[in-house]
Protein chains: 4
Amino acid sequence: MTKTDRMRKVEKLWGSRFKKKTSALFETFTAGRDMRGVLPADEKLISYDLWGSRAHVVMLAKQGILSRSEARTLIQGLEKIEQAWLKGTFRLDPSKEDVHSAIESQLIKKYGLEVGGKIHTARSRNDQIALDMRLYLRDQAMEFISAMLFLLGALLKNAQRDREKIFPGFTHHQIAQMTSLGHLWLSFAEQVCRDIQRFQGWYARFNQNPLGAMTGYGTSFSIDENFTSKLLAFDGPCQNTLDPIQCRWEPEAEMAFAIGAMMNHFSSWAQTFIILSMEEFALFRIDDSQCSGSSMMPQKRNPDALEVVKAKTALAHGTLASLLSIGRALFLGYNRDQQWTKYLIMDVIDETLSAPTVMSEVIGTIKVKDKRVLAICQKGFITAPDLLEEMIQEWGGPFRQAKTAFEKAVRYSEQQGREMISSQDLRKALMEEKVDFQFGDRFLSEAQDFKRVISRRKGIGGPSLKALRHHNEKLSKFIEYTKKWVSNRKKEHELAKRMLRNKEKAL
Amino acid sequence: MTKTDRMRKVEKLWGSRFKKKTSALFETFTAGRDMRGVLPADEKLISYDLWGSRAHVVMLAKQGILSRSEARTLIQGLEKIEQAWLKGTFRLDPSKEDVHSAIESQLIKKYGLEVGGKIHTARSRNDQIALDMRLYLRDQAMEFISAMLFLLGALLKNAQRDREKIFPGFTHHQIAQMTSLGHLWLSFAEQVCRDIQRFQGWYARFNQNPLGAMTGYGTSFSIDENFTSKLLAFDGPCQNTLDPIQCRWEPEAEMAFAIGAMMNHFSSWAQTFIILSMEEFALFRIDDSQCSGSSMMPQKRNPDALEVVKAKTALAHGTLASLLSIGRALFLGYNRDQQWTKYLIMDVIDETLSAPTVMSEVIGTIKVKDKRVLAICQKGFITAPDLLEEMIQEWGGPFRQAKTAFEKAVRYSEQQGREMISSQDLRKALMEEKVDFQFGDRFLSEAQDFKRVISRRKGIGGPSLKALRHHNEKLSKFIEYTKKWVSNRKKEHELAKRMLRNKEKAL
Amino acid sequence: MTKTDRMRKVEKLWGSRFKKKTSALFETFTAGRDMRGVLPADEKLISYDLWGSRAHVVMLAKQGILSRSEARTLIQGLEKIEQAWLKGTFRLDPSKEDVHSAIESQLIKKYGLEVGGKIHTARSRNDQIALDMRLYLRDQAMEFISAMLFLLGALLKNAQRDREKIFPGFTHHQIAQMTSLGHLWLSFAEQVCRDIQRFQGWYARFNQNPLGAMTGYGTSFSIDENFTSKLLAFDGPCQNTLDPIQCRWEPEAEMAFAIGAMMNHFSSWAQTFIILSMEEFALFRIDDSQCSGSSMMPQKRNPDALEVVKAKTALAHGTLASLLSIGRALFLGYNRDQQWTKYLIMDVIDETLSAPTVMSEVIGTIKVKDKRVLAICQKGFITAPDLLEEMIQEWGGPFRQAKTAFEKAVRYSEQQGREMISSQDLRKALMEEKVDFQFGDRFLSEAQDFKRVISRRKGIGGPSLKALRHHNEKLSKFIEYTKKWVSNRKKEHELAKRMLRNKEKAL
Amino acid sequence: MTKTDRMRKVEKLWGSRFKKKTSALFETFTAGRDMRGVLPADEKLISYDLWGSRAHVVMLAKQGILSRSEARTLIQGLEKIEQAWLKGTFRLDPSKEDVHSAIESQLIKKYGLEVGGKIHTARSRNDQIALDMRLYLRDQAMEFISAMLFLLGALLKNAQRDREKIFPGFTHHQIAQMTSLGHLWLSFAEQVCRDIQRFQGWYARFNQNPLGAMTGYGTSFSIDENFTSKLLAFDGPCQNTLDPIQCRWEPEAEMAFAIGAMMNHFSSWAQTFIILSMEEFALFRIDDSQCSGSSMMPQKRNPDALEVVKAKTALAHGTLASLLSIGRALFLGYNRDQQWTKYLIMDVIDETLSAPTVMSEVIGTIKVKDKRVLAICQKGFITAPDLLEEMIQEWGGPFRQAKTAFEKAVRYSEQQGREMISSQDLRKALMEEKVDFQFGDRFLSEAQDFKRVISRRKGIGGPSLKALRHHNEKLSKFIEYTKKWVSNRKKEHELAKRMLRNKEKAL
């Protein structure tokens, strides 16, 4: 039974509250570690360690450091381990220190010290773990980017659908100005674009091959770093052997920052959704599939996934702090302190990797309650700023003077329990502030007409249909070339693996 | 095979480097999570959940909310689960949400909804998890304190042994003034006292019973919170039901701070030991049992335990940051965000609980290299401050003037490659600075005699034998009454458990 | 013109929006550093440095290290500097390194090297700054505690007033259960009690005299640390001279934690007030004196003080992280790194010291909107949990079974647009779940009557009048003895100063 | 007297210790805020606010929103303020809220509400401050990059000079393997390249014009965002008006991360220099110009600048934590919380902006002590790994077997007090481990010859002359095109300013 299946079967203490089943992803994302353990860290590295070892062996043979026959034997051994691993019959032997020694020991056990004892030639655990981590992190970066591309799709779909739907905008938790709902979705999309770029920045900076760094000070074996770079789909070898060993906190910290910034975006969407779906707002309704009930109170519909997003954001920030702290004031060369960067970055990736998809689900299933939107858009003097702008445009006088008058008008109307400025109050305030502006009976209603208000804000980046279309096009192009970027990277990885297989066969 | 046994058997890649086996504790402390997973969090809570549930049932029966027969059945069921748990035959069913539902489901399965379905009466998962966490954290606080008492013992033992051994003191990483080695150990001891007090402060603040808080808003069942407080060894019930639910980050954060401060102390000792045991200093030699070798370099002796202490300190600080961040700007009442405080605090405790004992081992086995101490204590003008003080005492003139002269004298002597001030240079400098102080030939050697120098610094807290004895006495008393405090708390816990058993029997 | 006066005169861009002036405290708290600089750090230490220096001189004279005449001269000089400082004519000379050298230089300038050059005898800048910081932080701890006692008063006043006012309780941002408003205020009070205790814990741990520590390794001058402890109102001298120098991050970090935890409490109140005073809730109205307007939108009423509380909480947490990081892995003895702890702790105190008073103002002026409270308390099945409890009490059957039925009943009623369970739906659900419970027509309305619901939750810490009275009494006692604690500490400080003056006169 | 002059005049309490004056930069960098205050934050923004306002006015005139005459008047007013500001006669009026209102008020005061009151048309303080901060941060990014280019120059100069100088490499604070000193400098350079790239990444992401965003929801005024983008040297307008307002923590946090990572690099160099210049190592001597003395101990030479680098690194990390925390779980739209991001990022920039230059000075003046290098390179079995590699290459057998033998050989030699493996011990160990390898008398000395050892490690990124040359070339190209990048950006800024001036003249 897969994890997902199992999760679907969960009997819950709040089981008969909802019509709809919760999402399987929701379950795993919010389950936490109450009933689920964390696997040994090196299980995540087995496939990367094997890839790296195979490339290392092929290179050693090419350089004449291993004989072709030795290399063939070792490759055979590594392949068998890989197959066993995929079948679930290879387990990390807990009596070994780490994945590196587990695999080497296995080879020695099988092929004797004579052959197995040669795989560590021209290699140190320092460059080996740096390699494994870069391969692992590189894949995670790709996963994050792919998941965010999917999320961008969901946002653009919503934006397309809601491009003419009005929605209240806020500042300071107070109703500020109307906007369009499409505008909101595209503001989210813009954030995601930067998040993707940060992971791409990571890729550009750290897709460098550390093999040959040894303990940090290089080797006298005549290895070929360019060759292993190709076999492992790196952009090239590290330009200094000490650097990837000394800075074994930096790829980790930079990815943690990219995650922390991304989670900050999601956590703010989460907070917005949570508040705007509270009964008193009810602008949104979060889907049953993203909610849970209570063990004691029969009536609850809790936005758990969104709350968990906020918690995991705090977790990501603390992890970043730990990673930076480990990398602070390190003495020259590798220090054991740095080993802990492994668990820190793995844990935070485990907690957040599905966050973009969770947000896609939430956004794809969230309901907008049009009636409530309409009701709230008639409150809180929401169109006063638009009225003020139109009045200034007609009048031609100074903004500051008009605004002072409007503040008074709001106060007068508020005192009478109104939520929009009345003609009478505006006239009184304008007179008091010596603003000589005459307006007819229909001015206020026209100037505050919802459709008109939104369509008039047509500047770049604004909520009008025109502006949204413009932005949408830009985003579509961004998605297109980012998808291409992803597929190119994936192709590179595939090509590297194929090249490796060919070289192995040619041994 | 126990974990410890297994660890002892580890075949290491750097296996033939040392004569002495590494310490078993060293192994587990430094192993990290490469080959070791993390258990589900709720496994840590099973025994506490059972204790809390039994107390709850006994109380419900006393109050007539359950019949005595129902209570007997439930207690019987809980006991069976406990026995199965101890035997290893009760496993958390991963199809349940958490430990609370796992146990309730088990009771329902065994005794039907009719009886099993009654255990959650007058209880919510909110107060139940608050209870479990407080019981768990309380035990951890006791463990930390006990381990630090042991560490204090090791420090005092060393201090006693080294009370007349000189040692170089530093500031800014530069040799500053001589001190006694006993003085160093006692400065460490003073730090540990404050660390212990912080855990006691935690105990005083959070040993309050949250049962009856329900979801935060109390219950109409006529429960007896004072009674459950007694059965669970709490100082009393929480005075407001919302508080322990709303602040389900605060006991966690306060303990994380206590841990973070403690680890800061240890990390600074670690840094000091690491530097002072580098070959070039060789003031200390860290025991083989606390070191590891290299997979590639045959000659290495790495102070891994101490490096790991530094890494775990960074981890503790980041965890504290996450915990505080989760507790920031929470809306009224429980929020799911708070669930993540559970994993954060458990992880940091797992990583650091054995740190005091590791430090005890390091301190108990560290070797002081007397010859090197002596050599270094003749360098860097280390006794210049003492000479300056004695000169001022004899001369009677102003400190500032004398110090200016001494700075010159140091410069003159340094220019001639000396590491101590010569009579000639001092005389020259004094004359230039118009300090009218005459001294005989033996003044310099007497004023800089090691034993004399140390014995003269006899103020409270200083390095002289007299001062150390005074401090030692104070610390012995601290240890004595803290041990009593611990044993009193443990007795309270035992008495509560006995009282519970008696009440159960009387059902 | 004082700062406060100036602030009152601020002409604001959003000036004609409110009837009521903003609070002067609000202005300074929210103003930030846009138009306000930060004074040199050592300005905060002048008075403490003078106090410490006077005690040092008197002690040196008592011990015969200074002559009485020299001591008289130095005391005279220090007094003159103090008077000049109070009059504003003594300014820190920026060509000096710090407050210590500024004052010593002044003395040397005035009384020659012969006398002025003697004040630094048996003293180092290391123990001097440790002293200054402890005196400064001790005063700040007292200020925080006093401000929180005032805040406790405001909370208890509100609690007294609102002890029978119903209020909706929440979990997961969803309406959960009714409570009393008094219950809410007292939950806040309980948090403040722990905050006060943490500052008292700080006081207990760090009110120790570091004078005589010198650079960390003591002195051969026959100083009297017990005497200076009395003159400076310390509980006694530090027991190890290295400790206060080595750990010059720990008093700072512990106070930062106490601040960070306190701010977490305030930030959660702030978040609660902000949300519950949004127009759509309008359970609270934050007073005009605590709000600001907008430069562009005429209608805004922004809860700035509360938003700023949240920002400053984040600032406090980051500061704590920095302080702990500085104290991590320090090498033996003082390191210059530690100097930065001074600015970090001073900045965070400057930003947060008035936070308790700001919260007192907000709480003292906040309006509760009874009609809205009533309206919301009829929504969201808020009394369902109480109904469930009463039904179980009458029926006598298992909670789990009844709850399952209630969940169905909620779903049925919700489908028909109701916000409370109807008799019909409950009957249907009970039947389906085979719960054999008969109830009359008035059962539902009686069981959900507001007053009755609250009064039935009478356990310790609950929202009933009885429970609130009990808690109120406990809190009043806490306030009483904490006030006594504060006044005793203040008396000790006064007595020490008086003793010092007497000793000075007797020179 | 300028700040620098003043600093040069400082009379120090430890004044007669050194021959050489401390560096002026050292003084300001290490002085801290003891005697120096912090200016109001908005002083930093005046020039940017004026630039932005002028561009805004010119655009309003172009769009016919202002008359040309009004625009001329406003531009004249803004220019006068700018001139007064440069002359020091314009001061921020502390009775105004911020720089924006200070300038607008000044214009109103001078030209009446009629004209001055028009400048805020089609603008909000929200987009205005977002603009000011982006202009300010953009300039800081350029400063950081320029300073790091200078630092790269210093590193390459050292690397060139020291390309054939041997140096001990470390891992775990233990001597590991020899390397070349040039290799060390180039490893530092590699880190700096990534640091530069991160600031460039910032530039690419945030050099977008937020004008027109208003409160986040756009405007109905027909503004021209592309035009203002050109006048302000932005790459273009923000594509969504809500985004730069909602994410007013993100440019700040990303720059704080870039700073935090850069400081981590510097702090590790600092720690390395501090330790390796301790008397017992004395591999380096930090120049007098980068050191300070002690107020009490005449003999001290403290590496203050380097210690301060470490402290400021901790400060940078805490600031990043605060910035991320402020941006976490924000509700839709601007919140006042975000104002504090301004002070946080400004403070950390103030503390760290000169760090690259400080490191350049340290590196440019540090002395390498060749004799000590040689001495240490004969200790700690430093060439054992090279010997092992050469032996394996000659022998052709498995690494693992040879290494086991070598570990034994090290142990045997160590037992006899040697620091290098002796032929005899090696032969014994090889025999015991059944390694059939014969070697002549000169094998050991040749295989461990320093020059030979280094020259043999000729792989990419290694310490050999060949590898260093290769890396040096790559770095020179990096510097070249980054300098071009900087000068292109600066040209863009100049062109924008010139264009603005031309447009102003054409009004």
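A word on the overall build of chain A. Each helix and strand in chain A was counted, giving 20 helices and four strands. In summary, chain A has a C-alpha radius of gyration of 30 Å against a globular reference of 23 Å for 507 residues, an excess of more than 25%. Expressed along its principal axes, the backbone C-alpha trace of chain A runs to roughly 100 × 55 × 40 Å. Every one of the 507 residues in chain A was classed for burial, and the buried ones make up 72%.

Judged by nonpolar contacts, the single largest core of 687 residues is most densely connected at A:Phe273, B:Phe273, C:Phe273 and D:Phe273. In this structure, D:Phe273 is in contact with D:Trp185, D:Phe188, D:Phe284, D:Ile286, D:Leu306, D:Met359, D:Val362, D:Ile363 and D:Ile366, ignoring residues within four places of it in sequence.

On the chain A side, the residues contacting the 101 residues of chain D number 101 residues. Considering only the side of chain D, the residues that lose the most area to chain A are D:Tyr217, D:Gln239 and D:Phe331, jointly responsible for 10% of the buried surface there. Our count for the contact surface shared by chain D and chain A stands at ten salt bridges. Residue A:Arg194 pairs with D:Glu250 through a salt bridge whose shortest N-O separation is 2.8 Å. Counting across the chain D and chain A interface gives 58 residue pairs in polar contact (both at pLDDT 80 or more). The dominant element in the side of chain D that touches chain A, judged by the number of residues it contributes, is helix α10 (residues 250–276) of chain D, at 13 residues. By residue class, the composition of the side of chain D that touches chain A is 36 nonpolar, 45 polar and 20 charged.

This paragraph deals with the side chain of C:Asp34. For C:Asp34, the position within the fold is in the loop between α2 (24–31) and α3 (46–62). With a relative accessible area of 6%, C:Asp34 lands in the buried category. Reaching out from C:Asp34, the side chain makes a polar contact with the side chain of D:Tyr343 at a distance of 2.7 Å. Excluding its chain neighbours within four sequence positions, the residues that come into contact with C:Asp34 are D:Pro40, D:Ala41, D:Asp42, D:Glu97, D:Asp98, D:Gln339, D:Lys342 and D:Tyr343.

It is worth spelling out helix α3 (residues 46–62) of chain B at this point. Residue and element names in this part refer to chain B. When the terminal C-alpha atoms of α3 are compared, their 24 Å separation across 17 residues agrees well with the 24 Å that a helix rising 1.5 Å per residue should span. Most of α3 sits out of view: 15 of its 17 residues are buried. Of the residues flanking the end of α3, it is Gly-64, one or two places downstream, whose phi is positive at about 75°.

So, about the relation of the copies chain B and chain A. For the pair chain B and chain A, the best superposition has an RMSD of 0.0 Å and corresponds to a rotation of 180° with a translation of 0.0 Å parallel to the axis. Taken together, the rotation and translation describe the operation of a two-fold axis. Distance from the rotation axis, computed per C-alpha, reaches its smallest value in chain B at B:Gly318: 2.1 Å. Counting the interface residues of chain B, we find that 100% of their copies in chain A are interface residues as well, pointing to one common contact surface.

Mapping chain D onto chain A calls for a screw motion: a turn of 180° about the axis and a shift of 0.0 Å along it, with 0.0 Å RMSD after fitting. A share of 100% of the interface residues of chain D reappears at the interface of chain A, consistent with the copies meeting face to face through the same patch.

This part is about the packing of aromatic side chains. Applying the stated rule across the entire model yields 80 aromatic pairs over all chains. Ring plane angle 75° and centroid distance 5.2 Å describe the contact between D:Tyr203 and D:Trp485, whose orientation is recorded as edge-to-face. One end of the pair, D:Tyr203, is in helix α7 (residues 181–206); the other, D:Trp485, is in helix α20 (residues 465–505), and 282 residues separate them in sequence. D:Trp485 gets classed as buried once you look at its relative accessible area, which sits at 18%. Feature note: the residues A:Phe167, A:Trp185, A:Phe188, A:Phe266, A:Trp269, A:Phe273 and A:Phe284 constitute an aromatic cluster, connected by ring pairs. Over the aromatic face of C:Phe29 sits the side chain of C:Lys312, whose NZ or CZ is 3.8 Å from the ring centroid.

A few words now on the packing of helix α6 (residues 125–161) of chain C against helix α12 (residues 340–352) of chain C. All names here are of chain C. Viewed as axis vectors pointing N to C, α6 and α12 meet at an angle of 20°, and their least axial separation amounts to 12 Å. Taken together, the axes of α6 and α12 lie roughly parallel to each other. Considering only the axes of α6 and α12, their crossing is left-handed. Within the contact between the two elements, α6 uses Ile-129, Met-133, Tyr-136, Leu-137, Gln-140 and Phe-144 and α12 uses Lys-342, Ile-345, Met-346, Ile-349 and Thr-352. Taken together, the residues that form the contact of α6 with α12 break down as eight nonpolar, two polar and one charged.

Residue and element names in this part refer to chain A. Running from N to C, helix α16 (residues 399–415) and helix α17 (residues 423–432) point in directions that differ by 140°, and their axes come no closer than 8 Å. On the basis of the axis angle, α16 is oblique to α17. You can see that α16 and α17 cross each other, and the crossing is right-handed. Along the contact surface, α16 presents Ala-405, Phe-406, Lys-408, Ala-409, Tyr-412 and Ser-413, while α17 presents Asp-425, Leu-426, Lys-428, Ala-429, Leu-430 and Glu-432.

This brings us to the domain arrangement of chain A. In terms of domains, chain A is made up of domain 1 (41–123), domain 2 (125–206 + 219–376 + 474–497) and domain 3 (384–447). Between domain 2 of chain A and domain 3 of chain A, the C-alpha centre-to-centre distance is 45 Å.

So, on to the interface of chain B and chain A. Often the size quoted for an interface is simply the accessible area lost on bringing the parts together. Counting residues at the interface gives 67 residues for chain B and 67 residues for chain A. Here chain B meets chain A over a buried area of about 5500 Å², counting both sides, of which 57% is carbon and sulfur. Looking only at chain B, the three residues that lose the most surface to chain A are B:Asp34, B:Met35 and B:Trp340, adding up to 15% of its buried area. Notably, a salt bridge pairs A:Lys342 with B:Asp34, separated by 2.8 Å at the nearest N-O pair. Counting every contact that joins chain B to chain A gives 31 residue pairs in polar contact (both at pLDDT 80 or more). For the side of chain B that touches chain A, the secondary-structure elements that each account for two or more residues are α2 (24–31), α5 (99–116), α11 (304–326) and α12 (340–352) of chain B. When residues of the side of chain B that touches chain A are assigned to their parent elements, the largest contribution, 14 residues, is made by α11(B). Classifying every residue of the side of chain B that touches chain A gives 28 nonpolar, 16 polar and 23 charged.

Definitions and limits used
Residues numbered from 1 in each chain as written. Chains lettered and ligands numbered in written order. Predicted model: local features only at pLDDT ≥ 70, side-chain atom pairs only at ≥ 80, totals over all residues. Heavy atoms only, no water. Helix = DSSP H or I, 4+ residues; strand = E, 2+ residues; numbered from the N terminus. Rg over C-alpha atoms; globule rule 2.2 N^0.38 Å. Buried < 20%, exposed > 50% of the residue type's maximum accessible area, 1.4 Å probe, protein only. Core = buried A, V, L, I, M, F, W, Y, C linked by side-chain atoms within 4.5 Å. Contact = heavy atoms within 4.5 Å. Buried area = accessible area lost by both parts, 1.4 Å probe. Salt bridge = Lys/Arg side-chain N within 4 Å of Asp/Glu carboxyl O. Polar contact = N/O pair within 3.5 Å; in protein donor to acceptor, adjacent residues only side chain to side chain. Nonpolar A, V, L, I, M, F, W, Y, C, P; charged D, E, K, R; others polar. Expected span 1.5 Å × (residues − 1). Least-squares fit on C-alpha atoms with pLDDT ≥ 70 in both. Phe/Tyr/Trp six-rings, centres within 6.5 Å; stacked < 30°, edge-to-face > 60°. Lys NZ or Arg CZ within 6 Å of the ring centre and 35° of its normal. Axes fitted to C-alpha atoms, helices over the stretch in contact; angles between N-to-C directions. Parallel < 35°, antiparallel > 145°, perpendicular 65-115°, else oblique. Left-handed = near helix turned anticlockwise from the far one by under 90°. Domains from an automatic or database assignment.

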